[in-house]
Amino acid sequence: MEQAPIVARLRIIEGQIRGIVKLVEQDHNCSQILHQISAVRAASEQVGFIILENHLRKCLLNKTWQEHGDEQIHQLVSMWKNFSKM
């Protein structure tokens, strides 16, 4: 998994969160704050999807997939369910 794009996205999210903290500290409009929170949530979901996609690709190309396919599918479905609870 190439970590650089994921880390870059996470740093952007980190900056967005710092911006939200400033908005709260400066007592900005709730609508603005909620809009920024929504943007952070969407960005974090995208990072999650990238990580999940990388994991899927790695599993599907792995030789253990043929040997332990049912276990792998169960693990992937479990990961997906946990991730989608956001």
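These lines cover the structure that appears in this document, whether it is placed above or below. Each chain has its residues counted from 1, following the order in which its sequence is written. For this predicted model, a pLDDT threshold of at least 70 governs which residues receive local features, and a threshold of 80 or more governs which side-chain atom pairs are given and counted, while totals over whole chains, interfaces and linings are taken from all residues. Side-chain descriptors were evaluated using all non-hydrogen atoms of the structure, hydrogens and water having been removed beforehand.

### A short note on the overall build of the chain
For the record, the criterion: Helix and strand assignments follow DSSP, with helices taken as H or I runs no shorter than four residues and strands as E runs no shorter than two, numbered in order from the N terminus. We call a residue buried when its accessible area falls under 20% of the maximum for its residue type, exposed when it is over 50%, and partly exposed in between, using a 1.4 Å probe and counting protein chains only. In what follows, a contact means two residues having at least one pair of non-hydrogen atoms within 4.5 Å.
When you go through the chain residue by residue, the secondary structure sums to four helices and zero strands. Along the chain, helices (α) and strands (β) appear in the sequence α-α-α-α when read from the amino end. Taken over 86 residues, the chain has a buried fraction of 17%. Taking the intrachain contacts of the chain between residues at least 6 apart in sequence as the baseline, contacts between residues at least 24 apart amount to 56%.

### Details of the pattern of salt bridges
What counts here: Whenever Lys or Arg places a side-chain nitrogen within 4 Å of a carboxyl oxygen from Asp or Glu, that contact is recorded as a salt bridge.
If you walk through the whole model with that rule in mind, you get one salt bridge. Here Arg 18 and Glu 14 are joined by a salt bridge, their closest N and O atoms 3.9 Å apart. Note that Arg 18 and Glu 14 are positioned in helix H1 (residues 3–25) at a spacing of four residues, about one turn of the helix. Classification of Glu 14 as partly exposed rests on a relative accessible area of 39%.

### Notes on the nonpolar core
To keep it simple, the criterion reads: Nonpolar cores were defined as sets of buried Ala, Val, Leu, Ile, Met, Phe, Trp, Tyr and Cys residues, with membership established by side-chain atoms within 4.5 Å.
Formed by Ile 6, Ile 13, Ile 20, Leu 23, Ile 33, Val 40 and Val 47, the largest nonpolar core amounts to seven residues. Of all the elements in the fold, those that place two or more residues in this core are H1 and helix H2 (30–61).

### A short note on the environment of Gln 3
Relative to the assigned elements, Gln 3 resides in helix H1. Since its relative accessible area comes to 56%, Gln 3 is described here as exposed. With 48 residues separating them in the primary sequence, Gln 3 and Ile 51 have C-alpha atoms 9.4 Å apart.

### Digging into H1
Here is the rule we go by: Given the number of residues in a helix, its expected span is that number minus one, multiplied by 1.5 Å.
Its 23 residues place the ends of H1 33 Å apart at the C-alpha level, agreeing with the 33 Å of an ideal helix rising 1.5 Å per residue. Buried within H1 are the following residues: Ile 6, Ile 13, Ile 20 and Leu 23. Remark: Asp 27 follows H1 within two positions and exhibits a positive phi of approximately 55°.

### Thoughts on the environment of Val 47
Here Val 47 shows up in helix H2. Among the residues examined, Val 47 registers a relative accessible area of 4% and is labelled buried. Sequence separation between Val 47 and Ala 8 is 39 residues, and the spatial gap between their C-alpha atoms is 10.0 Å.

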